[in-house]
Each structure stands twice: as C-alpha cells, then as structure tokens.
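# Coordinate inspection notes
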Amino acid sequence: MWEYMERRAVRCAEYILETGATVRECAAAFAVSKSTVHKDVTERLMFIDKDLYLKVRGVLEKNLAERHLRGGEATRLKYLSERAEAEK
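Structural notes, computed from the coordinates. (Residues numbered from 1 in each chain as written. Predicted model: local features only at pLDDT ≥ 70, side-chain atom pairs only at ≥ 80, totals over all residues. Heavy atoms only, no water.)

Looking only at helices and strands, the protein features 4 helices and 0 strands. For the protein, the α and β elements follow one another from N to C terminus as α-α-α-α. At 16 Å, the protein has a C-alpha radius of gyration far larger than the 12 Å of a compact globule built from 88 residues. Each principal axis of the C-alpha distribution contributes one length, and for the protein these read about 55 × 25 × 20 Å. Total accessible area computed for the protein in this model is approximately 6300 Å², and 54% of it derives from carbon and sulfur atoms. In the protein, which carries 17 positive and 15 negative side-chain charges, the distance between the mean positions of the two groups comes to 4 Å. (Helix = DSSP H or I, 4+ residues; strand = E, 2+ residues; numbered from the N terminus. Rg over C-alpha atoms; globule rule 2.2 N^0.38 Å. Areas by Shrake-Rupley, 256 points an atom, 1.4 Å probe, with all protein chains shown as cover. Lys, Arg positive; Asp, Glu negative; His and termini not counted. Charge placed at Lys NZ, Arg CZ, Asp CG, Glu CD.)

Structure, rendered in structure tokens:
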C-alpha cells in the first residue's frame with residue numbers, strides 16, 4: 001500500500017476518534033470522498049494499526065446505530081423551517 005494512503009487512513013481514524021465524526025463529516029474535513037474514507041477506516045486501517053481500527057470500528061458502529069435518529073431530526077428541522085417560512 002502506498003504511504004500517502006496509510007497516512008490518510010491513520011489521520012482519518014484519529015479524526016473520527018477525536019470528534020466522533022461520521023464518515024461523511026470526515027470526508028468533508030479531508031476533502032476526499034466518503035467511499036475513500038470508508039475504505040480507509042474499514043479495510044486499509046486493519047492492516048496498518050489493528051488497535052486503532054478496533055477503536056474506530058466502535059465509533060462507526062455507534063454512528064450507524066444513531067443514523068435513523070439524525071435523519072429524523074433533520075426531517076423535523078426541515079419541516080419546522082418550512083412552517084416558519086410559510087407563516088411569514
């Protein structure tokens with residue numbers, strides 16, 4: 001594996017651990033695609049740093065379990081803002 005990929009995978013993993021960021025948030029922070037971040041932290045990182053991989057896996061599983069809550073909150077906020085606009 002190329003060195004820059006290894007560095008990116010470790011940096012993304014550390015960012016996710018520090019902030020609890022989702023794959024999309026990490027991708028935006030590092031200006032790469034979410035597919036790249038996902039591949040880095042779920043496939044490549046396993047061979048680079050097993051302990052870091054296991055820690056990040058925990059954060060990713062937590063984010064996956066909470067995904068439906070974030071989606072519901074986004075929808076609620078969308079309709080609240082539409083209602084506020086309609087009342088003006």
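Still more ground to cover, so stick around.
The next subject is the nonpolar core. Core analysis: the biggest nonpolar cluster contains 14 residues, and Ala 13, Ile 16, Val 37, Val 41, Leu 45, Val 56 and Leu 60 have the highest contact counts within it. At the level of elements, helix 1 (3-19), helix 2 (23-30), helix 3 (34-48) and helix 4 (50-87) are the ones that each hand at least two residues to this core. Per element, the largest residue contribution to this core is 5 residues, and it comes from helix 4. Excluding residues that lie within four positions of it along the chain, Val 37 makes contacts with Cys 12, Ile 16, Val 23, Cys 26, Ala 27 and Val 32. (Core = buried A, V, L, I, M, F, W, Y, C linked by side-chain atoms within 4.5 Å. Buried < 20%, exposed > 50% of the residue type's maximum accessible area, 1.4 Å probe, protein only. Contact = heavy atoms within 4.5 Å.)

Two quantities define a packed helix pair, namely the angle between the axes and the distance from one axis to the other. Packing of helix 2 against helix 3 leaves a shortest axis separation of 8 Å and a crossing angle of 110°. As far as their axial angle goes, helix 3 and helix 2 are roughly perpendicular. On helix 3, the residues touching Val 23, Arg 24, Cys 26 and Ala 27 of helix 2 are Lys 34, Val 37 and His 38. Its residues placed into classes, the contact of helix 2 with helix 3 shows 4 nonpolar, 1 polar and 2 charged. (Axes fitted to C-alpha atoms, helices over the stretch in contact; angles between N-to-C directions. Parallel < 35°, antiparallel > 145°, perpendicular 65-115°, else oblique. Nonpolar A, V, L, I, M, F, W, Y, C, P; charged D, E, K, R; others polar.)

Roughly 380 Å³ of volume is contained in the largest pocket. What lines the largest pocket is a set of 13 residues, among which Val 23, Leu 60, Asn 63, Leu 64 and Arg 67 lie closest to the centre. Among the elements of the structure, helix 2, helix 3 and helix 4 are those that each provide at least two residues to the lining of the largest pocket. Of the residues that constitute the lining of the largest pocket, the class distribution is 3 nonpolar, 4 polar and 6 charged. (1 Å grid on protein atoms, 1.4 Å probe; cavity = no way out; pocket = protein on both sides within 12 Å on 5 of 7 lines; lining within 4 Å. Points joined across faces, edges and corners; volume = space filled by probe spheres on them.)

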